[in-house]
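Observations on chain architecture
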Amino acid sequence: MKLVNGNEIIQLFESWSPKKLACMPNDPIGLAIGTVNKTVTKVLVTLDVTMAVVEEAIEQGCELIIAHHPPIFRKLSHLRTDTPAGQLYEKCLKHDIAVYAAHTNLDVVEGGVNDLLADALQLENRKILEHTYSEQLIKLAVYVPAEYATTVRTALANAGAGQIGAYDTCSFTTAGEGRFRALEGANPFVGEIGEVNIEPEQKIEVVFPSSQKNRVLKAMLNAHPYEEPAYDVWAMALTTNEAGLGRIGTLQEPLTLQQFAEFVKVQLNVPCLRVVGDLQQTVAKVAVVGGDGNSYIAAAKRAGADVFVTGDIGFHMAQDAEVNGLSIVDPGHHVEKVMIKGVTEKMTALCKEKKLPVQFIESTIHTEPFQFI
Ligand SMILES: [Zn+2]
């Protein structure tokens, strides 16, 4: 059986949920503990990394943990093993368990925490609540001898150029003539030194996000047969599709706030939740932010939400929302546990597609610190 290096798994994960989507300054995402430069056969997916979760990873034979909440959130000033946190890091290192965190990038990404919550609440006509990320588009035009056009087009597509919405391999080609005279010291692919050469060429145009520029240009230059390929690069006044935090959408049927709160309880599998607003009022438009959504109350109101579903709502924020006519359903921060199943399924599918024999396991450890009595 093929042995899979942990780096391949992380690359695959980041091809779906790249670090650039993180929307919190200095969000401590990425590899937090250990190394992934080793063979990985099993990965444990969890919301939080607690001692019980690390013990579960050891028991299950997992070499890697993928968590939503970063296990080292603040800068470490010491690494003592007489503190609970230090003991957790020590346990991971002693058992060669690596921990990788995908925090706000996983909140933002399509199919991430917020989409999973919106799925659970069956929200329709879904939009992003607050845009946090977009990238400028770059256009490349390259002049290629006709018989190499397919080679270069393929290399560009393989490097990720020409992705537009739900399409890939997009390009435009026009035929023409290239003229050039090779001077003394040149090593021309076609034509003679000192003679003007006229070559049937094709101009290939593609677009790509600015972060892909080096990768795409490198792929083009590697595939192009000329010593001095001619090409143009433009920064466009267009951006990629935007990404962002939170989702807003409509319920399949309008409900009273009371009915909606009951629905949230069932769908997100929580024993209790807190509600702000008139329980008899009808709600149809729902905004959702996984985790602590205190700073998105205004965005939810602006976007026209009747009710905002989020965790960790503070007393004064709840008062503000109430006077502003925005109802709130707070099922707690722990509802982000939807990422456990979501990430496990997504990564299992991605690894299957790439034929990587890696098993993703959903953690069964309950990490909610609150009890409801
Ligand atoms: Zn969270």
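The structure contained in this document is the topic of the report that follows. Keep in mind it's a predicted model, so treat the numbers as computed, not measured.

Rules of the game
- Residues numbered from 1 in each chain as written.
- Predicted model: local features only at pLDDT ≥ 70, side-chain atom pairs only at ≥ 80, totals over all residues.
- Heavy atoms only, no water.
- Helix = DSSP H or I, 4+ residues; strand = E, 2+ residues; numbered from the N terminus.
- Buried < 20%, exposed > 50% of the residue type's maximum accessible area, 1.4 Å probe, protein only.
- Polar contact = N/O pair within 3.5 Å; in protein donor to acceptor, adjacent residues only side chain to side chain.
- Contact = heavy atoms within 4.5 Å.
- Axes fitted to C-alpha atoms, helices over the stretch in contact; angles between N-to-C directions.
- Parallel < 35°, antiparallel > 145°, perpendicular 65-115°, else oblique.
- Nonpolar A, V, L, I, M, F, W, Y, C, P; charged D, E, K, R; others polar.
- Donors = N, O, S within 2.8 Å, 3.2 Å for Na, K, Ca; no water.
- Phe/Tyr/Trp six-rings, centres within 6.5 Å; stacked < 30°, edge-to-face > 60°.

**Focus on the side chain of Asp330**
- Its place among the elements puts Asp330 in strand β14 (residues 327-330).
- By relative accessible area, which is 5% here, Asp330 ends up buried.
- One polar contact links the side chain of Asp330 to the main-chain amide nitrogen of Ile313, over a distance of 3.0 Å.
- In contact with Asp330, not counting residues within four places along its chain, are Leu273, Arg274, Thr310, Gly311, Asp312 and Ile313.

**Some remarks on the packing of helix α2 (residues 51-60) against helix α3 (residues 84-94)**
- Remark: α2 packs on α3, axes separated minimally by 10 Å, with the N-to-C direction vectors making an angle of 10 degrees. Taken together, the axes of α2 and α3 are roughly parallel relative to one another. Contact residues: Met51, Val54, Glu55 and Ile58 in α2; Gln87, Leu88, Lys91 and Cys92 in α3.
- When grouped by side-chain class, the residues that make up the contact of α2 with α3 number 5 nonpolar, 1 polar and 2 charged.

**Describing the coordination of the zinc ion**
- The protein atoms that coordinate the zinc ion are His69 (NE2), His333 (NE2) and Glu336 (OE), at distances of 2.0 to 2.2 Å.
- Mapping the donors of the zinc ion onto the primary sequence gives the spacing H-x263-H-x2-E. Of the two residues, His69 is situated in the loop between β3 (64-67) and α3 and His333 in the loop between β14 and α11 (338-353); the sequence distance between them amounts to 264 residues.

**A closer look at the packing of aromatic side chains**
- Within this structure, the stated rule accounts for 6 aromatic pairs.
- Relative to Tyr226, the ring of Phe189 lies with its centre 6.2 Å away and its plane at 50 degrees, an arrangement referred to as tilted. Of this pair, Phe189 sits in the loop between β7 (172-181) and β8 (196-209) while Tyr226 is found in the loop between α7 (213-223) and β9 (230-239), placing the two residues 37 residues apart along the sequence.
- On the basis of relative accessible area, Tyr226 is assigned to the buried category, the value being 13%.

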